[in-house]
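Chains, contacts and geometry: an overview
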Amino acid sequence: QGQGRSPLGWKKFVTKPWEGKRGPTDRKITQTPGGIENTTCVDRYSFWHIAPCSFEDAKSLHRKADYKYELQHDGSGRAYSSIIDLRRDKIMNHLSVANFPGTRAFFSH
């Protein structure tokens, strides 16, 4: 289930948009000249790759654990249309490690 959400049925869970909210600190970042470009977000993501970006918003929006949603890796700041799409990109990224410079061996199983 999504962070901070009530339990969903399986089909609804895997088909709903996978998006997080930005809080007041993120809004302040967007209003500060150069704020987006010069901010290091939660887990060292860039502003356009995670929501919320700020540590303060990640803590205050969900009290039990850090609240964060990865955004599409194309830099658009768009949410994934479903958790399935997010997982697909994660798997594709993992498999692409085999082509990284300096990789000597890659075991995908």
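Now for a quick tour of the structure. (Residues numbered from 1 in each chain as written. Predicted model: local features only at pLDDT ≥ 70, side-chain atom pairs only at ≥ 80, totals over all residues. Heavy atoms only, no water.)

A word on the environment of Y67
Relative to the helices and strands, Y67 resides in the loop between α3 (55-60) and β2 (69-70). Put simply, Y67 and D57 are ten residues apart on the chain and 7.9 Å apart in space, counted from C-alpha to C-alpha. (Helix = DSSP H or I, 4+ residues; strand = E, 2+ residues; numbered from the N terminus.)

Points about the packing of aromatic side chains
In the structure shown here, the tally under the stated rule is three aromatic pairs. Measuring from ring centre to ring centre gives 5.7 Å for F13 and W18, while their planes differ by 90°; the resulting arrangement is edge-to-face. In terms of burial, F13 and W18 fall into one category: buried. Seen in terms of ring centroids, F47 and W48 are 5.2 Å apart; in terms of plane orientation they differ by 90°. Their pairing is edge-to-face. Relative accessible area serves as the criterion here: at 2%, F47 is assigned to the buried category. Looking at R22, its charged tip hangs above the ring of F47, at a distance of 3.9 Å from the centre. (Phe/Tyr/Trp six-rings, centres within 6.5 Å; stacked < 30°, edge-to-face > 60°. Buried < 20%, exposed > 50% of the residue type's maximum accessible area, 1.4 Å probe, protein only. Lys NZ or Arg CZ within 6 Å of the ring centre and 35° of its normal.)

What about helix α4 (residues 83-96)?
With 14 residues, α4 should reach 20 Å at 1.5 Å per residue; the first-to-last C-alpha distance of 20 Å fits that figure. Inspection of α4 places I83, D85 and L86 among the buried residues, and these make up the whole buried set. For α4, the angular spread of the buried residues around the axis is 160°, confining them to a single face. On its buried face, α4 sits against α1 (10-15) and β2. (Expected span 1.5 Å × (residues − 1). Arc of directions from axis to C-beta. Contact = heavy atoms within 4.5 Å.)

Remarks on the nonpolar core
In this structure, F13, V14, W18, Y67, Y69, Y80, I83 and L86 together form the largest nonpolar core, which totals eight residues. Of all elements in the fold, only α1 and α4 reach the threshold of two or more residues within this core. In this structure, I29, I36, F47 and I50 belong to the second largest nonpolar core, which totals six residues. (Core = buried A, V, L, I, M, F, W, Y, C linked by side-chain atoms within 4.5 Å.)

Observations concerning the pattern of salt bridges
Scanning all chains against the criterion turns up six salt bridges. Between D89 and R88 there is a salt bridge; the shortest N-O distance is 3.4 Å. Assessed through its relative accessible area of 25%, D89 is described here as partly exposed. Relative accessible area serves as the criterion here: at 44%, R88 is assigned to the partly exposed category. Members of the salt-bridge network, linked through shared partners, are D85, R88 and D89. (Salt bridge = Lys/Arg side-chain N within 4 Å of Asp/Glu carboxyl O.)

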